[in-house]
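Chain and residue survey
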Amino acid sequence: MSRVAFLLLLALTPPLASADPKPKGKPNRLAKESSPYLLQHAHNPVDWYPWGTEALERAKKEKKLIFLSIGYSACHWCHVMERESFANEAIAKVLNENFVCVKVDREERPDIDEIYMAALNTTGVSGGWPLSMFLTSDGKPIFGGTYFPPADKKVEDGTITGFPTILKRVIELNSTKGDELAAQADRIARLTVESLGRGEATPLVALDREIVADATRWFEFDPVHGGIGNKLAQFRGTKFPRPAAVGYLHGQSLKPGNEKLAANIALTLRKMAEGGIYDQLGGGFHRYSTERTWTVPHFEKMLYDNAQLMELYAEAHRATPDPLYPRVIAETHAFLAREMTSPEGAFYSALDADSNGVEGEFYVWTTDELAQVIESGKNLAFLKTVYGIGEPNFEEKYHILRLPKPTAELAKEMKLTEAELFAKLEPLKAKLLAHRAKRVRPFLDTKIITGWNGQMIAGYAKAGEVLKKPEYTAAAAKAAEFVLKSMRNKDGRLFRLHAAVPGEKPAPRGNAFLDDYAFVLHGLLNLHDATGEKRWLDEAKATADTMIRWHADTTLGGFFYTAHDHEKLFARSKDSYDGAQPSGNGVAARALLKLAEKTGDTKYRDQSVRTVRAFAGALKSSPGSMPGLAGTLDVLLDLAAKDPTLLAGKDAPKPVAKNPVEAADVVTAKLAAGKPDKDGKQTFSITLTIAEPWHVYANPVGNDSLKESETTVEVSVGGKVVEAEIAFPPGTPAKDMGDGAYQVYVGTATLSGTLKRSKDDGELEVRVRLLACKDRLCLKPSTLKLK
């Protein structure tokens, strides 16, 4: 069967939906879960299971497909689909009779989310949340989409397929073409494993400055409104802050000759802080902008966004002081302290986008509301000028507050100093904020996620260090103490989160993932920067050692997202992509290098090098997808200028292309040549590195039938072949049934040579011809050209 025709699912989305509160139905299994997202579905008529063996065993026993729904508590479209479909008795009846239905909180189980999102992407469908997937009974993906409307919907270009129609088609296909669905699932699972296997091969790629330069050139900045976007699309569409990418680019902008890049970074930070994506009244950033100008956000507030942006604004202020940056940090701190901090000093996960089922209702204003709260005509006129309030900028009747220009310009136009402008503005903001606080509040997700707290620790510690604000450093230290005391077991292993089942006290839950360790490590190192206290460095070392023990790939380098003893899914990933969140491997590589600098322990540096090398091929082909690793490579190249062996250490995994065709795919060669002496004698050496389990034939090979296969060397000077004495090392004895005994090179082999020449004869070039084989399988011969 071809890729199921109904993969064309979700080109468009419906208008915002609001719903009257409905009485709760009978609780299902999710009522006993700790996840706020799962609890939001605990009274659905859908017979939900949490992810686990009970659901999978039932699917196998009853030979049913699995319907997997993945989301998170602050997700607007997750709420819409819950109201429209999962609370619908008729749809629930179809689901319950024909599928085993599983609900997953992507923030609790990011490993499951990552794998099935990758599976969706392999089918050519763009991902998002809610993620809706149909699986075989053993968990392999058949097909999926994101939000499904509750009924077929007519649009200008045709019809959007509704969820009931999709369910009907899946049921029919499973009944009539079950074997083809299973075959499709096997194929998609295989493609998913391949797509997640970036770290499973180390191509022959030079780790050089060109990769760093390509990573920097990868990104296009909106020249008017700032931010990273697509120039060909005229920067239209959604726009994310992308702090991992902007942070990398900020580092590059500090180098000589990158003044334009520095200007783009400054423009981006200013426009975000002036836009509606930033809460002008309460502080803190919303998740992303739905359009180019940063005016209309997607209204949820995520801890990880605010953590990363606090650190980014602090670093920007360190490099180029600007009064805007500490103001943004101070207001974000006020928001976090007021709304996102637990009594113990840890940080909650997220604030929902919706109030009363309507996205953004808590944050937007009508003209009448503004006039009612401010009262004074002069003050209202002033407020409208500061926030550029004219025609509504949201749904044709609401105002999202934003600054139309820098406050310094506004103050000058009003013939005020900037200080006077803020002195006049702050009481009006306080009035609006107090009025807003009386509205129905967005849902607060109070689960405490280890990695996100690590990011917030890093952000606060960096802000405290740069701005000399002890209250910021204290907030970082208090959160770090909570994580280390309450979210770590007696063996030093971290938990993923701290949350409560209804009626019970909060408790640590779930295995930590790579990003939990990496982000906490980063936070502890920043805290050590801010305080100089040895305990934070000691805890950083302990965290790094545990991360290496349970997540490191000791064969090929890099880190697996899940621990070695974690539940085995159909695929296992090594994350490297830096999106809204940085990758665990990217943060780990940089943090380990920083830990090595602080402690002098080279094992951490070597682990960082191995991580960068593990993603060498992906860095070369798609450097902009992993700016974190590109940034670490940049630092390593600076170190390699003093130690040329750093990026090709003795522990390097043997380079091997994923599907080798010729000997050059599994063998590398390095030429080292001295200068001609006064008599014109020049010496050189060639080091061959041969990937396991391959070998090349020695010279002499020791077997006449293999004479044409032995390794040979040709030397040229100035483009002309010259005579040279080549000393080949002895080979390793080998024997097989067909060819008998012979000699091979395995691992590494060093050849040496001498020739007579004048220093003016031209450039030395050496050509090594060799054949690589293993287990009676030989690749095409290659000639390696070395200069």
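Residues numbered from 1 in each chain as written. Predicted model: local features only at pLDDT ≥ 70, side-chain atom pairs only at ≥ 80, totals over all residues. Heavy atoms only, no water.

Details of the environment of Ala 724
The criterion, for reference: Segments assigned H or I by DSSP are reported as helices when at least four residues long, segments assigned E as strands when at least two residues long, and all are numbered from the N terminus. Between buried and exposed lies partly exposed: a residue is buried under 20% and exposed over 50% of the maximum accessible area for its type, with that area taken using a 1.4 Å probe on protein chains only. In what follows, residue pairs with any heavy atoms lying within 4.5 Å of each other are defined as contacts.
You can see Ala 724 is positioned in the loop between strand S24 (720-722) and strand S25 (725-727). We classify Ala 724 as partly exposed; its relative accessible area is 29%. Ignoring any residue separated from it by four or fewer positions in sequence, one finds Ala 724 in contact with Val 715, Thr 754 and Leu 755.

A few points about the pairing of strand S18 (residues 495-499)
Put simply, the test is: A strand pair is defined by DSSP finding two or more bridges across the two strands.
Where burial is concerned, most of S18 is hidden: four out of the five residues are buried. Judged from the two bridges that link them, strand S17 (residues 448-449) and S18 form a sheet pairing that is antiparallel. Among the inter-strand pairings, Ile 448 is bridged to a residue of S18, identified as His 498.

What about the packing of helix H21 (residues 584-599) against helix H22 (residues 602-614)?
Using the following cut-off: Axes here mean lines fitted to C-alpha atoms, for a helix over just the part in contact, with angles spanning 0 to 180 degrees between N-to-C directions. If an angle is under 35 degrees, it is roughly parallel; if it is over 145, roughly antiparallel; if it lies from 65 to 115, roughly perpendicular; otherwise it is oblique. By definition, any crossing whose near helix is turned counterclockwise from its far helix by less than a right angle is left-handed, and any crossing with a clockwise turn is right-handed. Gly is put with the polar residues, along with every residue not named as nonpolar or charged; the nonpolar set is Ala, Val, Leu, Ile, Met, Phe, Trp, Tyr, Cys and Pro, and the charged set is Asp, Glu, Lys and Arg.
Running from amino to carboxyl end, H21 crosses H22 at an angle of 155°, the nearest separation of the two axes being 7 Å. Here H22 runs roughly antiparallel to H21, going by the angle between their axes. Between H21 and H22 the crossing geometry is left-handed. Of the residues in H22, those touching H21 at Asn 585, Ala 589, Leu 592, Leu 593, Leu 595, Ala 596 and Thr 599 are Tyr 604, Arg 605, Gln 607, Ser 608, Thr 611 and Val 612. Tallied by class, residues from the contact of H21 with H22 come to seven nonpolar, five polar and one charged.

Some words on the confidence of the model for the chain
Stated formally: Known as pLDDT, the predictor's confidence for each residue is given on a scale from 0 to 100.
For the chain, per-residue confidence averages 91 on the pLDDT scale, and 94% of positions sit at 70 or higher. Per-residue pLDDT stays below 50 along residues 1-22; that stretch engages in 54 contacts with residues further than four places along the chain or on separate chains.

Regarding the side chain of Lys 574
Spelled out, the test is: Polar contacts, as used here, are pairs of N or O atoms within 3.5 Å; protein pairs need one atom able to donate a hydrogen and one able to accept it. Residues neighboring in sequence count only if both atoms are side-chain atoms.
Relative to the elements of secondary structure, Lys 574 occurs in the loop between helix H20 (534-551) and H21. Side-chain polar atoms of Lys 574 contact the side chain of Asp 553, separated by 2.6 Å. In terms of polar contacts, Lys 574 uses its side chain to reach the backbone carbonyl oxygen of Gly 557, at 2.9 Å.

Let's talk about the state of the cysteines
Condition: Sulfur atoms of two cysteines make up a disulfide when they are within 2.5 Å.
In this structure the tally under the stated criterion is two disulfides. One disulfide in the model links Cys 75 with Cys 78; its S-S distance is 2.4 Å. Disulfide Cys 75 to Cys 78: torsion about the S-S bond roughly 80°, handedness right-handed. One exposure class covers both Cys 75 and Cys 78, and it is buried.

Here we look at the sheet that holds strand S12 (residues 301-302)
In space, the three strands of this open sheet follow the order S12-S13-S16, with antiparallel pairing throughout. Each having just a single partner strand, S12 and strand S16 (444-445) make up the two edges of the open sheet. Examined bridge by bridge, strand S13 (residues 350-351) and S16 share two bridges and lie antiparallel to one another. By the bridge assignment, Ala 350 is partnered in S16 with Asp 445.

Considering empty space enclosed by the protein
Going by this rule: Cavities and pockets were defined on a 1 Å grid built over protein atoms only: a cavity is a set of grid points that admits a 1.4 Å probe from which the probe cannot escape, a pocket is an open set flanked by protein on both sides within 12 Å along at least five of seven lines, and lining residues are those with an atom within 4 Å of any such point. Grid points are joined across faces, edges and corners, and a volume is the space filled by probe spheres set on the points.
Scanning the model with the defined rule gives two cavities of 30 Å³ or more in all. Lining of the largest cavity is provided by Gly 276, Tyr 278, Asp 279, Gln 280, Leu 281, His 286, Phe 299, Tyr 363, Trp 365, Ile 400, Leu 401 and Arg 436. Residue composition of the lining of the largest cavity, by class: seven nonpolar, three polar and two charged. Space inside the second largest cavity adds up to approximately 40 Å³. Surrounding the second largest cavity, Gln 280, Arg 327, Tyr 387, Leu 403, Phe 422, Leu 425 and Lys 429 form its lining. The element contributing the most residues to the lining of the second largest cavity is helix H16 (residues 418-436), with three residues. Here the lining of the second largest cavity is composed, by residue class, of four nonpolar, one polar and two charged.

So, unusual backbone geometry
Omega for the peptide link from Trp 129 to Pro 130 comes to 10°, which places this bond in the cis form. Within the secondary structure, Pro 130 is located in the loop between helix H5 (110-122) and strand S4 (131-135). The omega angle of the peptide bond from Asn 699 to Pro 700 is 0°, so this bond is cis rather than trans. By secondary structure assignment, the location of Pro 700 is in the loop between strand S22 (695-697) and strand S23 (712-717). In this structure, Arg 242 takes a positive phi of about 50° despite not being glycine. Checked against the element boundaries, Arg 242 lands in the loop between strand S9 (228-229) and helix H9 (243-253). The phi torsion at Lys 415 lies on the positive side, around 60°, for a residue other than glycine. As for its position among the elements, Lys 415 is in the loop between helix H15 (407-413) and H16. Judged by its relative accessible area of 78%, Lys 415 falls in the exposed class.

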